[in-house]
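# Summary of the model geometry
This is what each chain is made of:
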Amino acid sequence: MRMNKMLKSLCTLLLVAVASAVPGSAQAGAVRYHLDPAQRAHHELEVTVEFTQVDQPVLEVRMSRSSPGRYALHEFAKNVYSVSATDDEGRPLPIERADQHRWNVTTQGNRRVIFRYTLFADRVDGTYSAVDRSHMHLNAPATFAWARGFEQRPALVSIDLPEGWHVATQLESTQDSATFMAADLQALMDAPIEASALWLREWSVPGSSTSASQSQTVRVALHHEGSDEEAEVYTELAAAIVDEQIAVFRDVPAFDHGTYTFLADYLPWASGDGMEHRNSTVLSSSQSLDQSMERLLGTVSHEFFHAWNIERIRPQTLEPFDFTRANMTGELWFGEGFTSYYDDLVLKRVGVMSFEKYVAGMSRGLAGFLAAPGRQYRSPEQMSHQAAFVDAASWIDRTNGTNNFISYYTYGAMLGLALDLELRGRFDVELDEFMRVVWRRHGVVERPYTREDLISALAEVSNQEFASDFFSRFVAGSETPDYARLLEPAGLLLQKAHPGVGWVGGNSIREHDDGLTIARATRVTTPLYAAGLDIGDVILLVDGELVNDPDAFEQLVEAAEISSKIELRVRSRGEEFALEVRVAENPALEVRTFEQEGRTVTDAIRNFRGAWLDKKGERSLSARKHCSEGGLEFDYAVEFCPWHGTALEPTLAESERQ
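Computed from a predicted model, the values in this text were never measured in an experiment.

### What about the side chain of Arg278?
By the secondary structure assignment, Arg278 is in the loop between β19 (273-276) and β20 (280-285). Looking at Arg278, its side chain comes within polar contact range of the side chain of Glu446, at 2.8 Å. When near neighbours in sequence (up to four residues on either side) are disregarded, Arg278 contacts Gln170, Asp190, Phe255, Asp256, Tyr260, Glu311, Arg312 and Glu446.

### Section: the packing of helix α7 (residues 332-350) against helix α13 (residues 431-443)
With their axes 12 Å apart at the nearest point, α7 and α13 run at an angle of 130° to one another. Our classification of the angle between α7 and α13 gives oblique. For the element pair α7 and α13, the recorded crossing hand is left-handed. Of the residues in α13, those in contact with Phe334, Phe338, Tyr341, Tyr342 and Arg349 of α7 are Leu431, Asp432, Phe434, Met435 and Val438. When its residues are assigned to classes, the contact of α7 with α13 shows eight nonpolar, no polar and two charged.

### Overview of the pattern of salt bridges
The final tally for this structure, using the stated rule, is 40 salt bridges. One salt bridge connects Arg424 with Glu430, and the closest N-O pair in it is separated by 3.3 Å. Accessibility assignment for this pair places Arg424 and Glu430 in one class, buried. Linking Asp603 and Arg606 is a salt bridge whose minimum nitrogen-to-oxygen distance equals 3.1 Å. Residue Asp603 and its partner Arg606 are both found in helix α19 (residues 603-613); the two are separated by three residues, about one turn of the helix. Sharing partners across several salt bridges, the network here consists of Asp420, Arg424, Glu430, Glu433, Arg436, Arg440, Arg441, Glu460 and Lys616.

### Let's talk about a negative patch on the surface
On the surface, Glu511, Asp513, Asp549, Asp551, Glu554 and Glu558 cluster together into a negatively charged patch. Among the elements that line the negative patch, the one with the most residues is helix α18 (residues 550-559), at three residues. Looking at where Asp551 falls in the secondary structure, it is placed in helix α18. Classification of Asp551 as partly exposed rests on a relative accessible area of 47%.

### Details of the packing of helix α5 (residues 228-249) against α13
Remark: α5 packs on α13, axes separated minimally by 7 Å, with the N-to-C direction vectors making an angle of 75°. One element, α5, and the other, α13, form an angle in the roughly perpendicular class. Along its contact with α5, which presents Ala247, Val248 and Phe249, the element α13 presents Asp432, Met435, Arg436 and Trp439. Its residues assigned to classes, the contact of α5 with α13 comprises five nonpolar, no polar and two charged.

### Remarks on unusual backbone geometry
Here the bond from Glu319 into Pro320 is cis, since omega is -15°, no more than 30 degrees from zero. Positive phi, normally seen in glycine, also occurs at Glu446, with a value near 55°. Tracing the backbone through its elements, the reader meets Glu446 in the loop between α13 and α14 (451-461).

### Brief notes about the confidence of the model for the protein chain
Of all residues in the protein chain, 90% attain a pLDDT of 70 or more, and the chain-wide mean is 91. Within the model, pLDDT remains below 50 along residues 1-13, and this stretch shows 18 contacts once partners closer than five positions in the same chain are excluded. Taken as a whole, residues 622-658 scores under 50 in pLDDT and shows 103 contacts with residues more than four places along the chain or in a different chain.

### So, the sheet that holds β19
The strand order across the open sheet built from five strands is β16-β17-β18-β20-β19, with neighbouring strands paired in mixed fashion. The open sheet has two edge strands, β16 (199-206) and β19, and neither has a second partner. Put simply, the sheet's adjacent strands are angled 15° from each other on average, direction ignored. Sheet strands in contact with α5 are β16, β17 (215-224), β18 (259-266) and β20, and its direction is about 20° off that of β16.

### A short note on the pairing of strand β9 (residues 135-138)
Along β9, one buried face is formed by His135 and His137 and the opposite face, lined by Met136 and Leu138, is buried too. Relative to β9, strand β8 (residues 130-131) runs antiparallel, the two being bridged by two bridges. Pairing of Val131 across the sheet is with Met136, part of β9. For β9 and strand β15 (residues 193-196), the ladder comprises four bridges, and the chain directions are antiparallel. Residue pairing in the sheet places Met136 in a bridge with Ala195 of β15.

### Here we look at the nonpolar core
Of all hydrophobic cores here, the largest spans 101 residues; its most connected members are Tyr234, Phe262, Phe334, Phe434, Leu458 and Trp612. Considering each element in turn, this core owes the most residues, 12 residues, to α5. Contact partners of Phe334, with chain neighbours within four places excluded, come to Asn309, Ile313, Thr339, Phe434, Met435, Val438, Tyr449 and Leu454. Listed in part, the 51 residues of the second largest apolar core include Leu45, Val54, Ala77 and Tyr128.

### Describing α5
With 22 residues, α5 extends 32 Å between its outermost C-alpha atoms, agreeing within 8% with the 32 Å of an ideal straight helix rising 1.5 Å per residue. Once α5 ends, the next one or two residues include Arg250, with phi positive near 55°.

The rules we used
- Residues numbered from 1 in each chain as written.
- Predicted model: local features only at pLDDT ≥ 70, side-chain atom pairs only at ≥ 80, totals over all residues.
- Heavy atoms only, no water.
- Helix = DSSP H or I, 4+ residues; strand = E, 2+ residues; numbered from the N terminus.
- Polar contact = N/O pair within 3.5 Å; in protein donor to acceptor, adjacent residues only side chain to side chain.
- Contact = heavy atoms within 4.5 Å.
- Axes fitted to C-alpha atoms, helices over the stretch in contact; angles between N-to-C directions.
- Parallel < 35°, antiparallel > 145°, perpendicular 65-115°, else oblique.
- Left-handed = near helix turned anticlockwise from the far one by under 90°.
- Nonpolar A, V, L, I, M, F, W, Y, C, P; charged D, E, K, R; others polar.
- Salt bridge = Lys/Arg side-chain N within 4 Å of Asp/Glu carboxyl O.
- Buried < 20%, exposed > 50% of the residue type's maximum accessible area, 1.4 Å probe, protein only.
- Patch = residues over 30% accessible without salt bridge, like charges linked within 9 Å, V, L, I, M, F, W, Y side chains within 5 Å.
- Areas by Shrake-Rupley, 256 points an atom, 1.4 Å probe, with all protein chains shown as cover.
- Lys, Arg positive; Asp, Glu negative; His and termini not counted.
- Charge placed at Lys NZ, Arg CZ, Asp CG, Glu CD.
- pLDDT = per-residue confidence, 0-100.
- Pairing = 2+ DSSP bridges.
- Core = buried A, V, L, I, M, F, W, Y, C linked by side-chain atoms within 4.5 Å.
- Expected span 1.5 Å × (residues − 1).

This is the structure we're talking about:
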């Protein structure tokens, strides 16, 4: 064990000092954590945990296997080592490694047990932890060991802060600026921590309808390598997004301790992610504000919407969150998918995104959704059940997700679009009103919902027949809404992108030494699949000729007559044979505006668009400046155009919904 007696005694003294800075009512029986980043250059964090009032002969200490907002297993114990346990006199206590996640400490009658370990932490994202010379980025389940029987105890976290570092977290502050408090294990595990020389700004938002307070605070805690000017622009636009989302719900969540914090790490060594929590969110990316302002604001929009939808509007199936297993729910099409629908909608409403760009993004999302064969296999609820296998999960065997899975982000976002347009067209109400009903019934009072509860809420803004039919056909079932009909009142056309052009589904074809190869699984809806071709197969000859350029093959197919046949010579897992592929018309769809098609935009269309896409919040951006990109105009707050760089890394939320 690397911790000597002197260091053990020092940690004990520090824990005593922490106790003196915390009110006595919070001290009794509290679990106390002390974090020492002395070895941060090597990504190591020394963690000391003090359990008091222990009455078990064996104390079961464990690391979590899952994390709030994630639905797969992540096995955080893999980065824990140099484990020891002592009594309050520093005498070693026996430890048995019960399994991969648990350490059983024989207490020998001691009422106080000190548990120590080293944590290796080197991933900046919304799930894991990172410790280095620049900061401590701590996601609680990846950091804190906990004990059975102590789940209802308060927790105190004290941090040895290097000079110039400050802490941002949703944990409750104490009299000591480096010590924080959680009411219980659930509160601790939901509270990420950023400690660094961070940049901080805050502003006021209204109090909640359930709170006597007239105002609350929203903060941006930013760790990045960009300029203060970029940070100010980002903060002003984040504030506009917050304001617009408050306008959607016409209420503000009652943030614990009156504060909500955006914890943003935009660093070259970070991984793209966004992770919601009750009173904060983790935002991370390797891209800078200068490179990817709009993309990063999309994640801000997604994660803050979660302060209502999924943090307080909770599915019954996620209550309470179990840190020892994967947590399955059938409602992610709503919790994540409807939230994804509002991502870009809010950006459009506040002016971060132009109408043309919003339609282009919708076109890509809808075209991809309609082309995906997954609806043949699973409904949105069943896609949600797959989260344990796809939500940043790891495996080495291949799956058939190309055919049988559509992200619940995408599926739900497209259902949100359909329901919004349907409600506007048939009932003259908007999806915002449905969200407000769900908020009043479930979010305000924090009563978890079921599918039947969502049907009832939808019936309130429409009628029972419509609500039951929508859920039966499109949520429990996998029918496809009539998007062409729904989009037309907004002056938008869903049409074929490449009419009359030949197609075999060959976008996965790549160059090979012997010709061409199928690099990805073929979709069941493609002529290549129908002909029997799949991943790894090599196309040796095309109509008797060697073709090893994928572009040349695509041009040959596009020029072929619809329903004609192309003869291929193929090698597949040791066999060589000939087959024919029948050329089909390219089925790809796109959304086009009436303006693009030279059609008249009527007052009715303008009014429909305005009610759907125009700003509803009250915050206005000051010192506005016009910037242009590709002929389109954007309004931003200062003399700074944030999209000059090229976005290379989508955030997790964006990549999943694509």
